[in-house]
Structures are given as C-alpha cells and as structure tokens.
Amino acid sequence: MSKIVKVTFKKVRYDYFKPFHITGSIADFSQNIEICIELESGVKGYGEASSSFRVNGERVETLTALEPVVKDMLIGEDVSNYRKLFNLTDKFFAFPSVKAGVQYAILDAFSEEIGVPVYKILGGAKTEIETDKTVGIDTIENMAAEAEEIYKSGFKAIKIKVGEDLMKDLEVMERIYKKTKGAKYIVDANMGYTPKEAVEFAKRVYSMGIEINVFEQPVFHADIEGLKFVRFNCPFPVAADESAKTKYDAMQLIKNEAVDFINIKLMKSGVSDALAIVEIAKAANLKLMIGCMGESSVGINQSVNFALGTGAFEFHDLDSSLMLKEKEFRGKYKSNPPIYTV
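The structure reproduced in this document is the subject of the present report. Quick caveat: nothing in here was measured; it's all calculated off a predicted structure. (Residues numbered from 1 in each chain as written. Predicted model: local features only at pLDDT ≥ 70, side-chain atom pairs only at ≥ 80, totals over all residues. Heavy atoms only, no water.)

**Focus: the overall build of the protein chain**
Thought 1: Looking only at helices and strands, the protein chain has 14 helices and 14 strands in total.
Thought 2: Relative to the compact-globule value of 20 Å for 342 residues, the protein chain shows a C-alpha radius of gyration of 20 Å, a close match.
Thought 3: Across the 342 residues that make up the protein chain, the buried fraction comes to 56%.
Thought 4: Computed over 44 positive and 49 negative side-chain charges, the separation of the two mean positions in the protein chain equals 1 Å. (Helix = DSSP H or I, 4+ residues; strand = E, 2+ residues; numbered from the N terminus. Rg over C-alpha atoms; globule rule 2.2 N^0.38 Å. Buried < 20%, exposed > 50% of the residue type's maximum accessible area, 1.4 Å probe, protein only. Lys, Arg positive; Asp, Glu negative; His and termini not counted. Charge placed at Lys NZ, Arg CZ, Asp CG, Glu CD.)

**What to know about the packing of helix α7 (residues 140-152) against helix α8 (residues 166-179)**
Thought 1: For the pair α7 and α8, interaxial distance at closest approach is 9 Å and the crossing angle is 35°. The two elements α7 and α8 meet at a crossing, and its hand is right-handed. Within the contact between the two elements, α7 uses I140, E141, M143, A144, A147, E148 and Y151 and α8 uses K168, E171, V172, R175, I176 and K179.
Thought 2: Here the contact of α7 with α8 is composed, by residue class, of 7 nonpolar, no polar and 6 charged. (Axes fitted to C-alpha atoms, helices over the stretch in contact; angles between N-to-C directions. Left-handed = near helix turned anticlockwise from the far one by under 90°. Contact = heavy atoms within 4.5 Å. Nonpolar A, V, L, I, M, F, W, Y, C, P; charged D, E, K, R; others polar.)

**What about the sheet that holds strand β10 (residues 261-264)?**
Thought 1: Strand order in the open sheet formed by 8 strands is β5-β6-β7-β8-β9-β10-β11-β12, and the pairing between neighbours is parallel. The open sheet has two edge strands, β5 (133-135) and β12 (315-316), and neither has a second partner.
Thought 2: Here strand β11 (residues 287-290) runs beside β12; their pairing, made up of 2 bridges, is parallel. When the bridges of β12 are listed, I290 appears paired with H316. (Pairing = 2+ DSSP bridges.)

**Observations regarding the nonpolar core**
Thought 1: L74, F201, F215 and F306 are the most contacted members of the largest nonpolar core, which has 101 residues in total.
Thought 2: Setting aside anything within four residues of it in sequence, one finds F215 in contact with V187, Y193, A198, F201, A202, V230, C234, P237, V238 and A239.
Thought 3: Core analysis: the second largest hydrophobic core is formed by 7 residues, Y16, F20, I22 and L324 among them. (Core = buried A, V, L, I, M, F, W, Y, C linked by side-chain atoms within 4.5 Å.)

**Description of the side chain of K245**
Thought 1: Relative to the assigned elements, K245 resides in the loop between β9 (238-240) and α11 (247-255).
Thought 2: If we skip the residues at most four places from it in the chain, K245 touches V55, N56, H221, K268, S269 and I277.

**Here's the deal with the packing of aromatic side chains**
Thought 1: What the rule picks out here adds up to 10 aromatic pairs.
Thought 2: Ring geometry for F201 versus F215: centroids 5.5 Å apart, planes at 35°, classification tilted. With F201 in helix α9 (residues 195-207) and F215 in strand β8 (residues 214-216), the pair connects residues that are 14 residues apart, well separated along the chain. F215 shares its class with F201; the two are buried.
Thought 3: Residues Y333 and Y340 carry aromatic rings whose centres are separated by 5.1 Å and whose planes lie at 65° to one another, so their mutual orientation is edge-to-face.
Thought 4: In this arrangement the basic side chain of R13 is found over the ring face of F29, its NZ or CZ atom lying 3.8 Å from the centre.
Thought 5: Between the NZ or CZ atom of R330 and the centre of the ring of Y46, over which it lies, the distance is 5.7 Å. (Phe/Tyr/Trp six-rings, centres within 6.5 Å; stacked < 30°, edge-to-face > 60°. Lys NZ or Arg CZ within 6 Å of the ring centre and 35° of its normal.)

**A closer look at the packing of helix α5 (residues 96-114) against helix α13 (residues 297-310)**
Thought 1: At a minimum axis separation of 11 Å, α5 and α13 run at an interaxial angle of 70°. In terms of axis orientation, α5 runs roughly perpendicular to α13. In this structure, α5 crosses over α13, and the sense of that crossing is left-handed. Residues A100, G101 and Y104 of α5 lie in contact with α13, whose contacting residues are N301, Q302 and N305. (Parallel < 35°, antiparallel > 145°, perpendicular 65-115°, else oblique.)

**Some words on the pattern of salt bridges**
Thought 1: Here the structure, examined in full by the defined rule, presents 25 salt bridges.
Thought 2: A salt bridge links D188 to K159, with the nearest nitrogen and oxygen atoms 3.5 Å apart. Of the two residues, D188 is situated in strand β7 (residues 184-188) and K159 in strand β6 (residues 157-161); the sequence distance between them amounts to 29 residues. Of the two residues, D188 and K159, both sit in the buried class.
Thought 3: Note that K247 is salt-bridged to D273, the shortest N-O span being 4.0 Å. Note that K247 is positioned in helix α11 and D273 in helix α12 (residues 266-283), a separation of 26 residues in sequence. (Salt bridge = Lys/Arg side-chain N within 4 Å of Asp/Glu carboxyl O.)

Distances and angles like these do not, on their own, reveal function.
Dropping the structure here:
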C-alpha cells in the first residue's frame, strides 16, 4: 500500500509582511512549489521547493516543468524504500529545491503511512529547537528598532543582514547592541564584502566589545581562499552558506580549513546531501547551523523535522514563515516563536 500513484506540483505565492532586503536582493514575495505525493492507500505527503536564482540559479517557472519528469521517476515506486528514491532524485542536483521538496514529500508520505513522525524516522534526537529572527537591510534607525522588537518578543538570537555599506553596517551593529545586550548575533553579509573588508568589519565590531556568534558568508561563494583568509584573521567563527550547497562543497571547505560553521539549507542540498553534510561535519568537528530560503510553514516543517531528527545544529535560522502572510499554519510542529516543538 506504500506505492506512489500520483505526484502533483502546485505554484503558490506568499507576500512578505515587509520587503525582505539582503545584499544585492529585495523580495516582496516568495513564489514556491508545493509538492504532493499520493500513495495507493490514499495517504498524501507534502514538501515544498522555494527557489533562489541568486543561490541556485533556479526560477520557479522552470521548476514547474519538472513535474512530468518526477512523475515518470516515482510513480509505482514504494516510499518505504526512501533511500533508493533519494538516489534516484539525486539526479536533480541542478534543481536542489525540487530535490528537497520531493525527497521530503516521500518521507512525509512514508511517515503518514506507518504512523511515525518524520523527525523520529530521522533519529528523534530532539523534541524542541529555538529559532532566531532576521533583521533585513534597512535604515539604521529601522534596523535598530526591529532588532529591539525581536529581542523584547523573546528571541535570544538575532540575525542581522549586512554587506552593502561597511561604515553603515558598523553603526548598525553598535546601535543594535545598545538595544539588545544579552542577545546572540548571527551576522550575514551574503557575499557582500571583500576579504579585507570582512576582516576590517569583524575587528572593528570586536573593538566595540560586541560578540558575534556566527559571521556568515562574508565573501563571494567561490572565493574559498578569501573565506579562509577571513577565518584566520577574524575574532569570530566564520560560516559558509552560499559556498556550501552540496556534500562535495562541504568536503572542499573542510580540506581548505576555510570555515568554522556550515549553514545547511535543504533548498540548497536536498535531504540526501544535507544528511551527508551532517555526518561529514561531525567527522571534521565542524559546527552546523540550519537556514531557509523563502519557505512557508509547509517548507519550514521540513527543516524543523530535519533539525529535530538529527539534533545536529547549534543555531536554527528558520524564520521565513514568520515573515510571510499565510492563510493558515500547515506545519506538523507546534510554533510558539522562538520555540518550535513536536
């Protein structure tokens, strides 16, 4: 009764409560693909693909065209053999967000069929995680006010977007720190700095007495030597995001001693490569955080269950659904931000 009989793709648009501005990009909405896998028993499993042209070179219009290909690949297959199906869908390495949504929909359908939550299928390491919340690029005053609001609402970790203006970024950090002392900071430049600018930013922030818990993707994704330069000349832990899409990227970063953290996003890696990166990072004694693109609660559900199942992450940056206007919450977890539980 576990064989797949139907696969459907549905394009869904979600508007942001306010424009989401990061280095080189401003988004007013997120347009995602909701993927449904139906079994002969009538059970349905759901996943979501949230594309990013900036990171993956994907456009949602291209992804919808993959529906018949996925149907040909999966219909008639048994979801209980999910590792076999992961191997099949790994052929979609050029479309990682679709791979993520399809692979999770397979797990979700299997979960519903056997009555065991996905997080338990993946190991059941935790039943609770805590997310940060992000301050996008804006005026100094607006960024400081938003950070203060986030902190007062109970978030202990704040993610701060920088990378377009070094001098402004320094003032932003100082202003935010004054209003949110005691918070943990993840500072994300989204590839906006040169290696020397990144080191200058970090050293000047350090001289202000501000601690950054993770300095994320300070330089261009392909500049592994630049990442390494920042890591060895920076007082804060350095993380790869855009530089770490696949398990092969993770191996390259580790071989080059380029980072202290890797930010896993299912939309970059799919479930299969994300599982591999977790084990590679453990073997290399590297720390992990988990992030998101523009997922709704359907997509964030994937990452919450992955994080709970593996228990692998020091920081959880799973706040995209908190920024989107959704008609209803559809995650298979309990959301009481900043805490997610099952």
